[in-house]
Amino acid sequence: MLYLDNSATTAVHPEVIKVMQDVLAKNFGNPSSLHRKGIEAEKMLQISRNFIAQTLQVKPHEIVFTSGGTEGDNLAVKGIALQYQNRGRHIIISQVEHPAVRESCHQLENLGFEITCLAVDKTGCVDPELVKTSIRNDTILVSIMQVNNEVGTIQPIQAIGDIIKKHTKIFFHVDGVQGYAKIPVQLKLWGVDLFTISAHKIHGPKGVGALYIREGIKLFPQITGGGQEGGIRSGTENIPGIVGFAKACQIAREIFVVKSEEMSNLRRECIVMLEESIPSIVINGPKDEEASPYIINLSIPGLKREVLVHALESEDIFVSTGSACSSKKDITSPVLDAMGIAKDLKLGSIRVSFTYDTAIEDIEVFVGKLAQVVEQLLRKN
Ligand SMILES: Cc1ncc(COP(=O)(O)O)c(C=O)c1O
């Protein structure tokens, strides 16, 4: 089996499974309990929080655990909007944000907020100048993702951050779900106020994530109750998931440092091989430095995305049609729409996504099989 859908989710790392099994079996205490079992669980929570904070070079109390990227994005966007609405009701996002950000903004629109949705260029990139010219007196939040989940575009977060820094009343949220532990993150340098991450994209468990919230920022909580996580996100913490998340971060970061250049070369070589083997292929999105080493989005003129996905599946190769959220619907992706991709290419686009253990041999197998499948399908057409 060749699994190349790592942007949708990753296999849980065996060491993550091991630590989670241990916690599930032995450390079942509630971290809020005063007795020994509670204190034991609280200690694990603290160690995991400290570790994740350290990976982001922030303070432990600036990390709030969530149920994943979707919750982190919702908490950041709606939390800022509802908390600071007296300052203004204008929010800036881009046309290529994840639905978790987009839909949060739609909800806010219904509550009277105004959303500016910035256009992108043909590689899916946001122009920082557009951010600058869209800022108004009543702007309270800019939310731009670090890496696009469908085409891999790395956004100019530092340049956008430099603009926002000049406006002390505007908060900057970055959805880092596809960037964290894969490409460099420098929250302080970039002037990021809120940063969303998720465990299952880096070989951790599903249903766990975290939101970095810069010290001093208040968020309007969306889940209220027992006041856990500093009152920002109530609910008994998912200790096995959180411990597994911290372990996944540790493994991912250690490998990232060693492999970052290798992964960039791998993506580049994959594109060269694809273009040599399938001359009609179109790569959607950036081809090199502006792209995450882990994502390639491609189209074969004349072939439909679901046909390609299933043809590859019959060869035991797993890829996806755009994002996991839109892959089952017969609609074109808003990301590819925003990039101005032609309709037949949009309906034929597939996403291939790697992880740190994807090897050049895997790429050779993938390109070889894809070329074979494409030739057969085009002959049938
Ligand atoms: C950029 C981005 N943001 C947010 C999410 C949502 O994360 P989760 O699946 O942990 O809810 C995803 C997941 O695909 C993503 O790619």
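Residues numbered from 1 in each chain as written. Predicted model: local features only at pLDDT ≥ 70, side-chain atom pairs only at ≥ 80, totals over all residues. Heavy atoms only, no water.

A. Layout of the domain arrangement of the protein chain. Taken domain by domain, the protein chain comprises domain 1 (2–8 + 260–380) and domain 2 (14–250). Distance between the C-alpha centres of domain 1 and domain 2: 28 Å. Between domain 1 and domain 2 lies a buried interface of about 2,000 Å² when both sides are counted; carbon and sulfur atoms form 56% of it. Applying the counting criterion to the domain 1 and domain 2 interface returns 0 salt bridges. Put simply, domain 1 and domain 2 have 9 residue pairs in polar contact (both at pLDDT 80 or more) between them. Where the side of domain 1 that touches domain 2 is concerned, the elements lending two or more residues are β10 (295–299) and α10 (334–338). In terms of residues, the side of domain 1 that touches domain 2 owes the most to one element, α10, which gives 4 residues. (Domains from an automatic or database assignment. Buried area = accessible area lost by both parts, 1.4 Å probe. Salt bridge = Lys/Arg side-chain N within 4 Å of Asp/Glu carboxyl O. Polar contact = N/O pair within 3.5 Å; in protein donor to acceptor, adjacent residues only side chain to side chain. Helix = DSSP H or I, 4+ residues; strand = E, 2+ residues; numbered from the N terminus.)

B. Representation of the site of the ligand. The ligand sits among 13 residues. The nearest are G69, T70, D175, S198 and K201. The separation between an oxygen atom of the ligand and a polar side-chain atom of Q178 is 2.8 Å. Within the side chain of S198, an N or O atom sits 2.6 Å from an oxygen atom of the ligand. About the coverage of the ligand: the protein hides 87% of its 400 Å² of free accessible area. If you tally residues by element for the shell around the ligand, the top one is helix α3 (residues 69–83), at 3 residues. Here the residues of the shell around the ligand are counted per class, giving 2 nonpolar, 8 polar and 3 charged. (Near = heavy atom within 4 Å. Areas by Shrake-Rupley, 256 points an atom, 1.4 Å probe, with all protein chains shown as cover. Nonpolar A, V, L, I, M, F, W, Y, C, P; charged D, E, K, R; others polar.)

C. Molecular detail of the sheet that holds strand β3 (residues 90–94). Taken together, the 7 strands give an open sheet; going across it, the order is β2-β8-β7-β6-β5-β3-β4, and neighbouring strands pair in mixed fashion. Of all strands in the sheet, those bounded by a partner on one side alone are β2 (63–66) and β4 (114–118). Within the sheet, the average angular offset between the axes of one strand and its neighbour, ignoring direction, is 20°. Sheet analysis places strand β6 (residues 171–175) next to strand β7 (residues 194–198), joined by 3 bridges and oriented parallel. By the bridge assignment for β7, D175 is matched with T196. Strand contacts of α3: β2, β3, β5 (139–143), β6, β7 and β8 (209–213), with the helix running at about 160° to β7, the strand carrying the most contacts. (Pairing = 2+ DSSP bridges. Axes fitted to C-alpha atoms, helices over the stretch in contact; angles between N-to-C directions. Contact = heavy atoms within 4.5 Å.)

D. Molecular detail of the packing of helix α1 (residues 14–26) against helix α8 (residues 239–277). Contact geometry for α1 and α8: axes closest at 9 Å, N-to-C directions at 155°. In terms of orientation, α1 and α8 fall into the roughly antiparallel class. Crossing geometry of α1 relative to α8 is assigned as right-handed. Across the interface between the two elements, E15, V16, V19, M20, V23 and L24 of α1 pack against I239, P240, G241, V243, G244, K247, A248 and I251 of α8. By residue class, the composition of the contact of α1 with α8 is 10 nonpolar, 2 polar and 2 charged. (Parallel < 35°, antiparallel > 145°, perpendicular 65-115°, else oblique. Left-handed = near helix turned anticlockwise from the far one by under 90°.)

E. A look at the packing of aromatic side chains. Summed over the entire model, instances satisfying the criterion amount to 1 aromatic pair. Centre to centre, the rings of Y84 and F171 are 4.6 Å apart; their planes meet at 45°, and the pair counts as tilted. Here F171 lies in strand β6 and Y84 lies in the loop between α3 and β3, a separation of 87 residues in the sequence. Here Y84 matches F171 in class, with each residue buried. Its end group placed over the ring of F113, R89 keeps NZ or CZ at 4.5 Å from the ring centre. (Phe/Tyr/Trp six-rings, centres within 6.5 Å; stacked < 30°, edge-to-face > 60°. Buried < 20%, exposed > 50% of the residue type's maximum accessible area, 1.4 Å probe, protein only. Lys NZ or Arg CZ within 6 Å of the ring centre and 35° of its normal.)

F. Fine view of the sheet that holds strand β12 (residues 349–353). Strand order in the open sheet made by the 3 strands is β9-β10-β12, with antiparallel pairing throughout. Because the sheet does not close on itself, it has two edges, and the strands there are β9 (282–284) and β12. When strand polarity is set aside, the average angle formed by the axes of neighbouring strands in this sheet is 35°. As paired strands, β10 and β12 are joined by 5 bridges and run antiparallel to one another. In the sheet register, I296 faces β12, and the bridge partner there is V352.

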